[in-house]
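# Understanding the architecture of this molecule
Each chain, letter by letter, is given below.
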Amino acid sequence: MNNTIEKKIGFDRIRAMIAEQCSNALAVRMADEMAFSSDFEQVTRLLRQTDEMRRIVMFESSFPSQDFIDLSPALSDIRIENTAIEQAALFDLKCSLQTIGACQRFLLDEERTDYPELRLLAERVEVDPILLRQAAKIIDDKGEIYDNASPDLQEIRRQMERKRGAADTYLNRALAHAKQEGWTPENAEPTIRNGRMVIPLIDTHRRKMKGLIHGESATRQTAYVEPAEVVELNNDLRELEMAEQREIFRILLQYSNLLRPRLPQLMEAYWFLARIDFIRAKARVALDMNASMPLVENRPLIGWLEAYHPLLYMQRRKERGDKHGVQPFNLSLDTADSHHRILIISGPNAGGKSVCLKAVGLLQYMLQCGMLVSCRATSEFGIFDRLFIDIGDQQSIDNDLSTYTSHLQNMKQLLAEADQRTLFLAPTAW
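Since we're looking at a predicted model, the values are computed, not measured.

Once that is clear, we can look at the pattern of salt bridges. According to the stated counting rule, one finds 27 salt bridges in the structure shown. For E6, the salt bridge goes to R15, with nearest N and O atoms at 2.6 Å. Classification of R15 as buried rests on a relative accessible area of 11%. The partner of D109 in a salt bridge is R112, and the shortest N-O contact between them spans 3.6 Å. A relative accessible area of 28% places D109 in the partly exposed class. Here R112 falls in the partly exposed class, since its relative accessible area comes to 22%. Because the salt bridges share partners, they merge into one network encompassing D203, R206, E216 and R220.

On to the pairing of strand β3 (residues 211–216). Note that β3 and strand β4 (residues 222–227) share four bridges and pair antiparallel. Paired with G211 across the two strands is P227, which belongs to β4. Joining the antiparallel neighbours β3 and β4 is a turn of five residues, in which R220 adopts a positive phi near 65 degrees.

Read from one edge of the open sheet, four strands run β5-β8-β6-β7, paired in mixed fashion. Looking at strand neighbours, the two that pair on one side only are β5 (295–296) and β7 (329–334), the edges of this open sheet. Two strands pair when backbone bridges link them, and strand β6 (residues 301–307) and strand β8 (residues 380–381) are joined in this way by two bridges, in the antiparallel orientation. Bridge pairing in β8 places I302 opposite F381. Against the sheet, helix α13 (residues 353–367) touches β5, β6, β7 and β8, its axis set at about 110 degrees to β6.

At R220, a residue that is not glycine, the phi angle is positive and equals roughly 65 degrees. With respect to the helices and strands, the residue R220 is situated in the loop between β3 and β4. Although it is not a glycine, N290 adopts a positive phi angle of roughly 55 degrees. Following the sequence through the fold, N290 ends up in the loop between α11 (263–288) and β5.

It is worth spelling out the packing of helix α3 (residues 25–33) against α11 at this point. Relative to each other, α3 and α11 sit at 60 degrees, their axes nearing to 8 Å. Looking at the two axes, α3 sits oblique to α11. Relative to α11, the crossing made by α3 is right-handed. Side by side, α3 and α11 meet where L26, A27, M30 and A31 of the first sit next to Y270, W271, A274, R275, D277 and F278 of the second. Class assignment of the residues belonging to the contact of α3 with α11 gives a composition of eight nonpolar, no polar and two charged.

About the thresholds
- In this numbering scheme, every chain counts its residues from 1 along its sequence in written order.
- Local features in this predicted model are restricted to residues whose pLDDT is 70 or higher, and side-chain atom pairs enter the listing and the counts only when it is 80 or higher, whereas totals over whole chains, interfaces and linings include all residues.
- The side-chain figures draw on all heavy atoms in the structure; neither hydrogens nor water molecules are used.
- Put simply, a salt bridge is a Lys or Arg side-chain nitrogen that is within 4 Å of an Asp or Glu carboxyl oxygen.
- Accessible area is worked out with a 1.4 Å probe on protein chains only. A residue is then buried under 20% of its type maximum, exposed over 50%, and partly exposed in between.
- Here a strand pair is declared whenever DSSP counts at least two bridges between the two strands.
- Working definition: helices are DSSP H or I runs of at least four residues, strands are E runs of at least two. Numbering for both runs from the N terminus.
- Should any heavy atoms of two residues lie within 4.5 Å, those residues are counted as being in contact.
- To obtain each axis, a line is fitted to C-alpha atoms, and for helices this fit is confined to the stretch in contact; angles are then taken between N-to-C directions over 0 to 180 degrees.
- In what follows, roughly perpendicular refers to angles from 65 to 115 degrees, roughly parallel to angles under 35, roughly antiparallel to angles over 145, and oblique to any angle outside these ranges.
- Each crossing is labelled by how the near helix is turned from the far one, with a counterclockwise turn of less than a right angle marking it left-handed and a clockwise turn marking it right-handed.
- Note on residue classes: Ala, Val, Leu, Ile, Met, Phe, Trp, Tyr, Cys and Pro are nonpolar, Asp, Glu, Lys and Arg are charged, and everything else, Gly too, is polar.

See the structure below:
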């Protein structure tokens, strides 16, 4: 199975749809790595997972729907001692740990027995509850560090508040005096320049107020002055801000030291979260194409009822609001029956032969990638070890001799490798 085959049958578009539905970077990678499998147990397990999630998406409003965030890169960054998780990453960690916990509580609920495959995934996850409790004490729901995250931080912020209050008092007093003296432009208000609170003064009066000048307006008619009384307070504030950042780093470092020995456990938890997001993406795509879970047997078999090309279905629904014009088909092939091993479809040009051929390849490929398929749920699907597809843009030796040579080479490979568990699809005209 390779990219050429996927492009010929349209599976590359299905893969892109799944990746687009993923909100988790690791889940997107899982979509990229999704592969055709002939392992019956693996295929049926993946199908059951997707079908269970399809029902959850349809009927379970209490299942988490947000914060499926991949924190594995941020966690990898703190493997080394004395490295600290960033504040934004800690906020994402808190939110995603809440989502992991909510997924587990939903799937492990003893009264909920309809999702056994997803339950097995949830049972493998263990996250020390102290991690979420501590994160919730450090960072709020807006991503800001709490004042009481540590006694030192609380004291620093109290001092900052006092200094800001005093600075505002001096600044407003200086501004009122400047307005009274006529030194300011009309409707002047305190503003910020270079991170410092300043007062706008008419340029000709800039020297009448003691303080530091922090530039001028583009027209050079206004100068921005930091009153002398405020300079020292602003300096103190700047030092307190640096002290605040040092204390926040210390808090984050302390929390990272709590995380570090639990990283293997956390990596497993985030793999679970990504897996759930990936399965949810497959379920959403299945709903978009009206796909269902068929009967699956561990032998080469096609017993499809009301099957249709999923991409064509979605295209028609987008264009017309329904699947009008998409004709379903029934198909029966069984390698155990010598009279039903080969099917030849004939008919006029533009009669739908190639669409049907590609639909067969696409649906079988989707199923063996663990995806639900667009057909009646009572359809029977088998498992093939190999899938050969020889579909080209040119189907006549009169049009393209090199294409004919390519077909001969493909047939040579088919004869060398195919067996009774092989599905081979090719146009009859070449």
